[in-house]
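Reading the structure
So you can see what is in the structure, the chains are spelled out below.
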Amino acid sequence: MEETILAIIFMIIFAIPLYGLFLWSYYYPEDSLLAGKRWMYTEEPEISKAAIRYTKFASMTAMVGLPIVIISFILKIFVLRLSIVIFFLMFILGALKIFTDDKGD
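A short tour of the structure in this document, coming up. (Residues numbered from 1 in each chain as written. Predicted model: local features only at pLDDT ≥ 70, side-chain atom pairs only at ≥ 80, totals over all residues. Heavy atoms only, no water.)

So, the environment of Tyr26
The criterion, for reference: Think of it this way: any DSSP run of H or I at least four residues long counts as a helix, any run of E at least two long counts as a strand, and we number them from the N terminus. Relative accessibility thresholds used throughout: buried, under 20% of the residue-type maximum; exposed, over 50%; partly exposed, between the two (1.4 Å probe, protein chains only). Here, two residues are considered to be in contact whenever any of their heavy atoms come within 4.5 Å of each other.
In this fold, Tyr26 is placed in helix 1 (residues 2-27). What makes Tyr26 partly exposed here is its relative accessible area of 22%. Tyr26 sits 24 residues away from Glu2 along the chain, and the two C-alpha atoms are 36 Å apart. When residues no more than four places from it in sequence are discounted, the contact partners of Tyr26 are Lys56, Ser59, Met60 and Met63.

Put into structure tokens, the structure is as follows:
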């Protein structure tokens, strides 16, 4: 029982900065895409709109999926564990829609 409580506390403490990273990545996708890579460019690189859309989509999916995953492991609700698979499939389908979008970007 004590190990379970420690695991729950550890997951929540780990999830808070991870959630902050997802928020940063959603609101500033250009900065998050270039994090740690700016030194490779002499000029400001141009990021495609598809990459920005994909970064925002991935961040939003993770922000919705992370609490569901944590709650499913804390409360041991098996229906929520099935939602992990559904979120993975939604992520793949959303990425396919983003990259096959015919907006002419």
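Having seen the model, we can carry on.
Considerations on the environment of Phe78
Within the fold, Phe78 resides in helix 4 (residues 78-99). For Phe78, a relative accessible area of 60% gives the class exposed. Distance in space between the C-alpha atoms of Phe78 and Met40 is 46 Å, their sequence separation being 38 residues.

Here's the deal with the nonpolar core
Formally: Residues grouped as a nonpolar core are buried Ala, Val, Leu, Ile, Met, Phe, Trp, Tyr and Cys residues, joined through side-chain atoms within 4.5 Å.
Counting residues in hydrophobic clusters, the biggest one holds six residues: Ala15, Phe22, Ala62, Met63, Leu66 and Ile70. Elements supplying a minimum of two residues to this core: helix 1 and helix 3 (49-75). In terms of residue count, helix 3 provides more of this core than any other element does, four residues in total.

As for the packing of aromatic side chains
Describing an aromatic ring pair means giving the distance of the ring centres and the angle of the ring planes. What counts here: Pairing of aromatic rings covers Phe, Tyr and the six-membered ring of Trp, with a centre-to-centre limit of 6.5 Å; geometry is then stacked below 30 degrees between planes, edge-to-face above 60, and tilted otherwise. Criterion for a charge above a ring: Lys NZ or Arg CZ within 6 Å of the ring centre, and within 35 degrees of the ring normal.
For the structure on display, the rule yields one aromatic pair. Look at Tyr26 and Tyr27: their rings are 5.3 Å apart centre to centre, the planes differ by 80 degrees, and that puts the pair in the edge-to-face class. Sitting over the ring of Tyr26, Lys56 keeps its end group 5.2 Å from the ring centre.

Points about the packing of helix 1 against helix 3
Basically, it comes down to this: Lines fitted to C-alpha atoms define the axes here, with helix axes fitted over just the stretch in contact, and angles between the N-to-C directions of these axes take values from 0 to 180 degrees. If an angle is under 35 degrees, it is roughly parallel; if it is over 145, roughly antiparallel; if it lies from 65 to 115, roughly perpendicular; otherwise it is oblique. Throughout, a crossing is termed right-handed when the near helix is turned clockwise from the far one, and left-handed when it is turned anticlockwise from it by less than a right angle.
Their axes nearest at 9 Å, the elements helix 1 and helix 3 cross at an angle of 165 degrees. When the axis of helix 1 is compared with that of helix 3, the two are roughly antiparallel. For the element pair helix 1 and helix 3, the recorded crossing hand is left-handed. Where helix 1 abuts helix 3, its residues Ile8, Met11, Ile12, Ala15, Leu18, Tyr19, Phe22, Leu23, Ser25 and Tyr26 lie against Thr55, Lys56, Ser59, Met60, Ala62, Met63, Leu66, Pro67, Ile70, Phe73 and Ile74.

Quick word on helix 1
To keep it simple, the criterion reads: The span one expects for a helix is its residue count, reduced by one, times 1.5 Å.
Its 26 residues give helix 1 an end-to-end C-alpha distance of 38 Å, which sits within 8% of 38 Å, the value for a rise of 1.5 Å per residue. Taken residue by residue, helix 1 has Ala15, Phe22 and Ser25 as its buried positions. Packed against the buried residues of helix 1 are helix 2 (29-33) and helix 3.

Considering a nonpolar patch on the surface
Quick reminder of the rule: Patch rule: a residue counts if its relative accessible area is over 30% and it has no salt bridge; like charges are joined within 9 Å, and nonpolar side chains (Val, Leu, Ile, Met, Phe, Trp, Tyr) within 5 Å. To measure how exposed things are, a 1.4 Å probe is used in the Shrake-Rupley method; for residues, cover is taken only from the protein chains shown. The salt bridge definition used is simple: a Lys or Arg side-chain nitrogen within 4 Å of an Asp or Glu carboxyl oxygen.
Where nonpolar side chains cluster on the molecular surface, the patch consists of Leu82, Val85, Ile86, Phe88, Leu89, Ile92, Leu93 and Leu96 and spans about 790 Å² of accessible area. Tracing the chain through its elements places Ile86 in helix 4.

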